[in-house]
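Commentary on secondary and tertiary structure
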Amino acid sequence: MIYIPMFYPVWVGEGKGRLRKTDDTGCGRGWSLHIVAQREPSFRKNFSKRFIHVWIKGSPRTMLRCTIPALLAALISISSCSARSDCIVDNFQVKENFNQTRYAGKWYAFAKKDPEGLFLEKDIHADFKIENRTMIAKATGLVSLLPDWIVCAEMMGTFNNTANSAKFKLKYWGAAEYLQKGIDDHWIIDTDYDNYAITYTCRKLYENRTCADSYSFVFSRRPEGLTTESQRIVRKWQEHLCLAFKYKRVPQTGSCP
């Protein structure tokens, strides 16, 4: 939304306006153009910082010279917003035509975003198999039960199919009684099958359909981690899931075979 009242002249090139970095431009972090009038401050402060304020006076040529840069900046901002996620879980994209057979095999956790409660911590790896057209998995990793009690734990999972090939109902349980069990929505957000995969689960929603409790894994086919190119792709998906900067690296030391 652009507001262009025509009252007082302010031109960016003359130092009467400025390009300011903000924490919130309506769709997350970004750049917001604020061309700020030096007169009538009481009028100016009645408008949200999310609008672009351009004060114009003069001939049609002057008006055109002033409005075009502002409109271009607005279009860039709108385009940037549309490329980002609105954080509503139902709108998250998943892998198209997900192929379970190609996904099967061993994956090593490269990074993870934890949910609330007990969760595998490091040396996490998972073996996926297909049985009777259903994907199953066994995950192994270190978990701290007490400050001085760290064990290699095994988790089992059955990925029940849904109408969407990349969305599953995951029934999971631990090999030991102290581990969690339950049923989660489990989504394959993206994978190239040979190098990387990123998964997502939301356990609880807010009323506005954004996620209140989620977890996510970034997997690699190699224990050494991801290539630079794969990390670049994964970062974009982390932003899409509204989870940028919320992941922790998962060390792979070989402690849990």
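Structure shown above.
First, a word on scope: everything that follows refers to the structure included in this document.

Conventions and cut-offs
Residues numbered from 1 in each chain as written. Predicted model: local features only at pLDDT ≥ 70, side-chain atom pairs only at ≥ 80, totals over all residues. Heavy atoms only, no water. Helix = DSSP H or I, 4+ residues; strand = E, 2+ residues; numbered from the N terminus. Buried < 20%, exposed > 50% of the residue type's maximum accessible area, 1.4 Å probe, protein only. Contact = heavy atoms within 4.5 Å. Areas by Shrake-Rupley, 256 points an atom, 1.4 Å probe, with all protein chains shown as cover. Phe/Tyr/Trp six-rings, centres within 6.5 Å; stacked < 30°, edge-to-face > 60°. Disulfide = S-S within 2.5 Å. Salt bridge = Lys/Arg side-chain N within 4 Å of Asp/Glu carboxyl O.

Re the overall build of the chain
- Tallying secondary structure elements over the chain gives 4 helices and 11 strands in all.
- Looking at the chain as a whole, 39% of its 257 residues are labelled buried.
- Here the contacts in the chain between residues at least 6 apart in sequence split such that 52% fall between residues at least 24 apart.
- When the accessible surface of the chain is summed, it comes to about 15300 Å², and 53% of that surface belongs to carbon and sulfur atoms.

Section: the packing of aromatic side chains
- One pass over the structure, following the stated rule, counts 13 aromatic pairs.
- Taking the centre distance of 5.9 Å and the plane angle of 85° together, the rings of Phe-159 and Phe-168 count as edge-to-face.
- Given the relative accessible area of 2%, Phe-168 is considered buried.
- On the basis of an interplanar angle of 20° and a centroid distance of 5.2 Å, the ring pair of Phe-217 and Phe-219 is categorised as stacked. Residue Phe-217 shares its accessibility class with Phe-219, and that shared class is buried.
- Taken together, the ring pairs in this structure connect Phe-98, Tyr-103, Trp-107, Phe-119, Phe-128, Phe-159, Phe-168, Tyr-193, Tyr-215, Phe-217 and Phe-219 into an aromatic cluster.

A word on the state of the cysteines
- Counted by the stated rule, this structure contains 3 disulfides.
- A sulfur-sulfur distance of 2.0 Å marks the disulfide that ties Cys-152 to Cys-256. Measuring the twist about the S-S bond at about -95°, one finds the Cys-152-Cys-256 disulfide to be left-handed. Here Cys-152 is found in strand β6 (residues 149-161), whereas its partner Cys-256 is found in the segment after β11 (248-249), with 104 residues between them in sequence.
- Overall, the relative accessible area of 39% leaves Cys-152 in the partly exposed class.
- Disulfide partner of Cys-202: Cys-211, at an S-S distance of 2.1 Å. Given an S-S torsion of about 110°, the disulfide between Cys-202 and Cys-211 has right-handed geometry.
- The class for Cys-211 is partly exposed, based on a relative accessible area of 21%.

Quick word on the pattern of salt bridges
- Overall, the coordinates contain 8 salt bridges when judged by the stated rule.
- Its salt-bridge partner being Asp-185, residue Lys-169 comes within 2.5 Å of it at the nearest N-O pair. Linking Lys-169 in strand β7 (residues 167-174) with Asp-185 in strand β8 (residues 182-191), this pair joins segments that are 16 residues apart in sequence.
- Note on Asp-185: relative accessible area 28%, which makes it partly exposed.
- Here Arg-232 ties to Glu-229 by a salt bridge, and the two come within 2.4 Å at their closest N and O atoms.

What to know about unusual backbone geometry
- Located in the positive-phi region is Asn-132, a residue other than glycine, with phi close to 55°.
- Residue classification places Asn-132 among the exposed residues on the basis of a relative accessible area of 76%.
- A positive phi angle, near 65°, is found at Arg-133, a position not held by glycine.
- Following the sequence through the fold, Arg-133 ends up in the loop between β4 (122-131) and β5 (134-146).

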